[in-house]
Amino acid sequence: MSLRNMSKIIPVFFFVLMVFLMFPATMGGVAQGLSIKMFTILSPNSSIFPKNLTLSEKHQKLTEISKARALDLIMTTNSSETLVPNAISSPVKHAYSDFYYIEMYVGTPPQKTNLALDTGSTLTWVQCEGCKSCFELSMPNFSIRRSTTSRPMPDDHPLCVPPNLGPGTKGQNCVYGLFYYDRSSTYGPFGFDTFTFLSEQGQLAIPNVAFGWGLFNKVNFNDYFHGHDNPIGGILGLGRGHPTGILQQLNQITLRRFSYCLPPQFEAQSLLHFGEDAQIGGPSVGSTPILGGPDDYYFTKLDAISLNGQRLQIDPSLFMAGGKGMAVDSGSPYSHIVAEAFKVLKQAVVDYFHNMYGWQPMTQKSKTGFDLCYQNIPTVFTSPSVTLHFEGADFVLHKPTLFQAFEHHNEFCMTILSMDQSDGLNILGAAQQVNYRFLFDVAALRLSFSPENC
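Nothing here was measured: the structure is a model prediction, and the numbers come from that model.

Trainee: How should the overall build of the protein chain be read in this particular structure?
Mentor: What the protein chain contains, in helices and strands, is six helices and 32 strands. Burial status across the protein chain gives 59% buried among its 454 residues. Counted over contacts in the protein chain with a minimum sequence separation of 6, partners at least 24 positions apart contribute 71%. Carbon and sulfur atoms make up 51% of the accessible area of the protein chain, which amounts to about 17,800 Å² in all.

Okay, here's the thing in C-alpha cells:
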C-alpha cells in the first residue's frame, strides 16, 4: 500500500450530524426507528472546521484531544464522588467530547441548536439565554422565555434522582450539576421541552424531553472553533447510566440501541441509527458483552492482542486496568493502550519493520504527538496485522487505520497511543473503528461489530 495515497484515507471522527429520519415501523403511532445523517466537519464542504489546517495539523490536534479525553475518562471512572440528594453542588465529574454533534431544534416555536453527541455521558443540556456564566456561541442561546412548551421539572419528579440531579437549594424544582475534570462545569434548572429533528423527508417533534437548562456554564468547546465561531450549544448524552439519558427517555423510539459505521474519508457521509433502524448482519458479525455496572461508558473485556497471528506476551490483567476493561469510545479520536501493554505491542511492531525492511524508529519526539514514528515516508510497505481478542469475538484492525503518513513532517506513525498513567484505561478510539459497523444494544448489554465498507 502506498503511504502517500494513505493520506486520502483518513479516519473520520468529527461529524456534523444532520437529522435524516426514516421510520420503517411504528408501535402505537410511535416511530421505532430514527436515523441521523452524519457529515464530517473536516469535509471540504464543511463551513465549520478551519480550512487552513494541514493534514499533520489536523492529526496533531486530534492526538492532543485523544490524550485529554483519555485522561478525563481515567479521572471519571476512578472517581468515588457521588451526588447526594439536596446537595446539587456535590461534584460528579464526567468527561465530555464534542467530536460529533447534531443539528436540531428545541422549543415551540423551534429554535436551532447544535448539540455534541457523546457516548461517554448521559445527561443532555443546552446553554440558555440569560446564562450567568456562558461560553461563546455562533448562534443565539436557547430562550426558555420564547418557548411556549418549556416547563421546569418539579423536585419530586421520578427523573429527578442522583447522580447529577436533585432538588434546588430552595427545594421547589429540580436542578442539575455536572463537573468535568478539566475544571469545566455546567449547572442550572432541569426541565422539559420539545425536541425537533428535521430532514428533507419531514420532521419528528418529540414533546416533553427532559434536559438541563444551562445557566452557569464553564465549558470550552472553542479548542476547535476559536471563540465566537463555536457552533456547539450543549451536549446530547448517549450514555446508559441515568434515566434522563436519551436512550432511556425515548426508549419507544430508540429501543435502547444504536449503531453507526464510521467512514474513512473526510468527504464521506454515514448514518447514526436508533431502534429498529439499528441493525447488523452478515457472516462476520462478532459480539461481546457490554460490562455491567452504573458507568455511562461502554466497556468490554479484552483478553489479548495478536500481531500477524501471534499472541503477544501481555499480562491479561493489564487489559482490565482500572477494573473496567476496554472502553469503546467514539469521543476519542485514537486508541489508547496502557503503557506496559503498549511497550510490548510497540516492540513487536518495531521488530516486524526491522526484520522486513531494516527500519529503525525515531528516537527524538515526533512532531505529530504519536508514540511510534519513523522518519521518511516509504512509497510501499506491508503493514502488520493487529487483532484485538475480545471475549467471544476477534476485532481485526484494518491496516489503513494503523499507520498514517505525514508528508509535512516527513514521518509516518502508528496511530495507537500509549496510556502512560499508572491507573490508565484501554480505549478503542474512532480511528480504529473505521469501516466497521458497531451495534450498541444497551437493553441486551451486547456490543456487536462487523466489517463494512462505510
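Additional details are given in the paragraphs that follow.
Trainee: Would you mind showing me how to read the state of the cysteines here?
Mentor: Disulfide: a covalent bond formed between the sulfur atoms of two cysteine residues. Inspection of every chain in the model, using the stated rule, returns four disulfides. Each sulfur in the disulfide pair cysteine 160 and cysteine 174 lies 2.1 Å from the other. The S-S bond linking cysteine 160 to cysteine 174 shows a torsion near 95°; that makes this disulfide right-handed. Taken together, the residues span a long stretch of sequence, with cysteine 160 in the loop between β9 (151-152) and β10 (165-167) and cysteine 174 in strand β11 (residues 174-180) at a distance of 14 residues.

Trainee: So what exactly am I meant to see when it comes to the nonpolar core here?
Mentor: Across soluble globular proteins, nonpolar side chains show a tendency to be buried alongside one another. Membership of the largest hydrophobic core comes to 77 residues, with the highest contact counts inside it found for Ile305, Leu345, Leu388, Phe395 and Phe438. With eight residues, the single largest contributor to this core is helix α6 (residues 339-357). Once residues within four sequence positions are removed from consideration, isoleucine 305 is found in contact with Gln310, Arg311, Leu312, Ile314, Phe319, Ile337, Leu345, Val386, Thr387, Leu388 and His389. Listed in part, the 20 residues of the second largest apolar core include Leu159, Leu165, Phe190 and Phe192.

Trainee: Please explain the pairing of strand β23 (residues 335-338) as it appears in this structure.
Mentor: Neither face of β23 is exposed, since Ser335 and Ile337 on one face and His336 and Val338 on the opposite face are all buried. Across four bridges, the pairing between β23 and strand β29 (residues 416-419) is parallel. Note that in β29 the partner of serine 335 across the bridge is isoleucine 416.

Trainee: How should I be thinking about the pattern of salt bridges in this particular structure?
Mentor: Note on pairing: side chains with opposite charge can pair once their charged atoms come close. Here the structure, examined in full by the defined rule, presents five salt bridges. Note that glutamate 129 and arginine 145 form a salt bridge whose closest N and O atoms lie 3.2 Å from each other. Taken together, the residues span a long stretch of sequence, with glutamate 129 in the loop between β8 (125-127) and β9 and arginine 145 in the loop between β8 and β9 at a distance of 16 residues. Residue glutamate 129 is classed as partly exposed on the basis of its relative accessible area, which comes to 40%. Among the salt bridges present, the one from glutamate 452 reaches arginine 437, with a minimum N-O distance of 2.9 Å. With glutamate 452 in the segment after β32 (446-451) and arginine 437 in strand β31 (residues 436-441), this residue pair connects regions lying 15 residues apart in the sequence. With relative accessibility at 34%, the residue glutamate 452 sits in the partly exposed group. The class for arginine 437 is buried, based on a relative accessible area of 11%.

Trainee: How should I be thinking about the side chain of threonine 368 in this particular structure?
Mentor: Tracing the chain through its elements places threonine 368 in the loop between α6 and β24 (373-375). We classify threonine 368 as buried; its relative accessible area is 1%. Side chain to side chain, threonine 368 and serine 366 meet in a polar contact 2.7 Å long. A polar contact is formed between the side chain of threonine 368 and the backbone nitrogen of phenylalanine 370, at a distance of 3.3 Å.

Trainee: What is the right way to read the confidence of the model for the protein chain from this model?
Mentor: Parts of the prediction with low pLDDT should not have their coordinates interpreted in detail. Averaged over the protein chain, the pLDDT score is 79; the fraction of residues at 70 or greater is 72%. Between residues 43-47, whose pLDDT stays under 50, and residues either more than four places distant or in other chains, the model counts eight contacts. Scored below 50 in pLDDT, residues 79-98 shows 71 contacts in the model against residues more than four places distant or in partner chains.

Trainee: Quick question: what am I supposed to make of unusual backbone geometry here?
Mentor: Outside of glycine, negative phi angles account for most residues, and trans bonds account for most peptide bonds. Going from threonine 108 to proline 109, the amide bond is cis rather than trans, its omega being -5°. Position of proline 109 among the secondary structure elements: in the loop between β6 (100-106) and β7 (111-118). Residue proline 162 is joined to proline 163 through a cis peptide bond whose omega torsion reads -10°. The residue asparagine 308 is not glycine, and still its phi comes out positive at about 50°.

Trainee: Help me out: how do you make sense of the sheet that holds β24 in this one?
Mentor: Note: strands within a sheet are paired through backbone hydrogen bonds, in either parallel or antiparallel orientation. Taken in spatial order, the three strands line up as β24-β28-β27 in an open sheet, and their pairing is antiparallel. The outermost strands of the open sheet, each flanked by one partner alone, are β24 and β27 (403-406). Neighbour-to-neighbour, the strand axes of this sheet turn through a mean angle of 20°, independent of strand direction. As paired elements, β24 and strand β28 (residues 411-414) share three bridges and run antiparallel to each other. Looking at the pairing, tyrosine 374 lines up with phenylalanine 412 of β28.

Trainee: What exactly am I supposed to notice about the environment of phenylalanine 197 here?
Mentor: Residue position: phenylalanine 197 is located in strand β12 (residues 185-199). Note on phenylalanine 197: relative accessible area 5%, which makes it buried.

Trainee: Help me out: how do you make sense of the environment of tryptophan 213 in this one?
Mentor: With respect to the element layout, tryptophan 213 can be found in strand β13 (residues 202-214). You can call tryptophan 213 buried: its relative accessible area is 6%. Sequence separation between tryptophan 213 and glycine 188 is 25 residues, and the spatial gap between their C-alpha atoms is 5.6 Å. The contacts of tryptophan 213, once residues within four sequence positions are left out, are Val126, Cys128, Ile144, Ser150, Arg151, Pro152, Tyr176, Tyr187, Gly188, Pro189, Gly191 and Phe192.

Criteria and cut-off values
Residues numbered from 1 in each chain as written. Predicted model: local features only at pLDDT ≥ 70, side-chain atom pairs only at ≥ 80, totals over all residues. Heavy atoms only, no water. Helix = DSSP H or I, 4+ residues; strand = E, 2+ residues; numbered from the N terminus. Buried < 20%, exposed > 50% of the residue type's maximum accessible area, 1.4 Å probe, protein only. Contact = heavy atoms within 4.5 Å. Areas by Shrake-Rupley, 256 points an atom, 1.4 Å probe, with all protein chains shown as cover. Disulfide = S-S within 2.5 Å. Core = buried A, V, L, I, M, F, W, Y, C linked by side-chain atoms within 4.5 Å. Pairing = 2+ DSSP bridges. Salt bridge = Lys/Arg side-chain N within 4 Å of Asp/Glu carboxyl O. Polar contact = N/O pair within 3.5 Å; in protein donor to acceptor, adjacent residues only side chain to side chain. pLDDT = per-residue confidence, 0-100. Axes fitted to C-alpha atoms, helices over the stretch in contact; angles between N-to-C directions.

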